[in-house]
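Residue-level listing of the chains:
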Amino acid sequence: MSGMSPRRWALLGLLLVLGIAVAVDRGGLFTSDASPDPAQRYALVQAQLAQQDELLASAARLRDEVEALRDVWADLRPRLIEARTAELAPASVRDRVRAVLNRAGVARVRVLSEEVRSASDTAQTSSGSTVVPVRIRVSFDVPDSELVYAPIDAIDAASDIHARVVGVSIRGGGLNEAAASVTVTLTIDTVVLIGGEGP
């Protein structure tokens, strides 16, 4: 063996060290708790796949919800009243409510109050506009009690206003009264798109 070069001795030593390392590894001496066994690895992969499936299902549900909201917005958008500023919003609502009631046959509409509702109820659109709620109280007279509901129905059915009658007060026109007309007071809630092309 004296005829082996130092280089061969180094290679033989390296092979011996690698052989011992492989034998020890196969014996399980270098197995750490950090690397899971195949069963644990399989369970981990299955859990990750289940999580991924859940995320994909959530994404599909979110896409469906976003599409449904876009459909609602497409229906609602043409019916929104527009104003350049929040201060002009009540005037825009007043003009639109008067127009709807005039089309329903109400000649004279009295505005009792109008207010922009709480700032906490405002919303932002995706285009950066703001939607603010406005409440208006109006009063008008109709010749008899049978004509009371036509203006209310006109507000509910109008294609150019998204509004809801939240309060109704009716005076006059009772059986024992000789009143010539019935006075109707409506409280109406609506929303205004600020930044639109309104007055």
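Up top is the structure these notes are about.
Residues numbered from 1 in each chain as written. Predicted model: local features only at pLDDT ≥ 70, side-chain atom pairs only at ≥ 80, totals over all residues. Heavy atoms only, no water.

Caption draft 1: A look at the overall build of the protein. Looking only at helices and strands, the protein features four helices and six strands. Along its sequence from the N terminus, the protein presents helices and strands in the succession α-α-β-α-β-β-β-α-β-β. Look at the contacts in the protein between residues 6 or more apart in sequence, and 67% of them connect residues 24 or more apart. (Helix = DSSP H or I, 4+ residues; strand = E, 2+ residues; numbered from the N terminus. Contact = heavy atoms within 4.5 Å.)

Caption draft 2: Expanded view of the pattern of salt bridges. Here the structure, examined in full by the defined rule, presents seven salt bridges. Among the ionic pairs, R70 bridges to E67, the shortest N-O distance being 3.9 Å. On the criterion of helical spacing, the pair formed by R70 and E67 is a turn pair, its members being three residues apart in helix α2 (residues 38-76). In this structure, D189 engages R135 in a salt bridge whose closest nitrogen and oxygen atoms are separated by 2.6 Å. With D189 in strand β6 (residues 182-194) and R135 in strand β4 (residues 130-142), this residue pair connects regions lying 54 residues apart in the sequence. Using a relative accessible area of 15% as the deciding quantity, one classes D189 as buried. (Salt bridge = Lys/Arg side-chain N within 4 Å of Asp/Glu carboxyl O. Buried < 20%, exposed > 50% of the residue type's maximum accessible area, 1.4 Å probe, protein only.)

Caption draft 3: Quick peek at the environment of R137. Considering the arrangement of structural elements, one finds R137 in strand β4. Along the chain, R137 and S113 lie 24 residues apart, while their C-alpha atoms are 5.1 Å from each other. If near-sequence neighbours (up to four positions away) are discounted, R137 is found in contact with R110, V111, L112, S113, T185, L186 and T187.

Caption draft 4: Main features of the nonpolar core. By size, the foremost hydrophobic cluster in this structure holds 28 residues, and its most contacted members are V97, L101, V138, I155, L186, I188 and V192. Going through the elements one at a time, β1 (81-83), α3 (89-103), β4, α4 (149-157), β5 (163-171) and β6 are the ones with two or more residues in this core. Here I155 is in contact with V100, L101, I161, A163, V165, L186 and I188, once residues within four sequence places are set aside. (Core = buried A, V, L, I, M, F, W, Y, C linked by side-chain atoms within 4.5 Å.)

Caption draft 5: Summary view of the pairing of β6. With twelve of its 13 residues buried, β6 lies for the most part within the structure. Direction of pairing for β1 relative to β6: parallel, over a ladder of three bridges. Directly across from E82, in β6, lies its bridge partner L193. Examined bridge by bridge, β4 and β6 share 13 bridges and lie antiparallel to one another. (Pairing = 2+ DSSP bridges.)

Caption draft 6: Geometry of the environment of A86. Looking at the secondary structure, you find A86 in the loop between β1 and α3. Classification of A86 as partly exposed rests on a relative accessible area of 30%. C-alpha separation for the pair A86 and G195, spaced 109 residues apart in sequence, amounts to 8.7 Å.

Caption draft 7: Highlighting a nonpolar patch on the surface. A contiguous nonpolar patch, built from L11, L14, L15 and L18 and spanning about 410 Å² of accessible area, is present on the exposed surface. Among the structural elements, L14 can be located in helix α1 (residues 6-26). (Patch = residues over 30% accessible without salt bridge, like charges linked within 9 Å, V, L, I, M, F, W, Y side chains within 5 Å. Areas by Shrake-Rupley, 256 points an atom, 1.4 Å probe, with all protein chains shown as cover.)

Caption draft 8: Structural context of α4. Buried within α4 we find P151, I152 and I155. Down the axis of α4, the buried set is contained in an arc of 100°. They therefore lie on one face. Set apart from the buried face of α4 by more than 90 degrees, the exposed residues are Y149 and A157. Next to the buried residues of α4 lie α3, β4, β5 and β6. (Arc of directions from axis to C-beta.)

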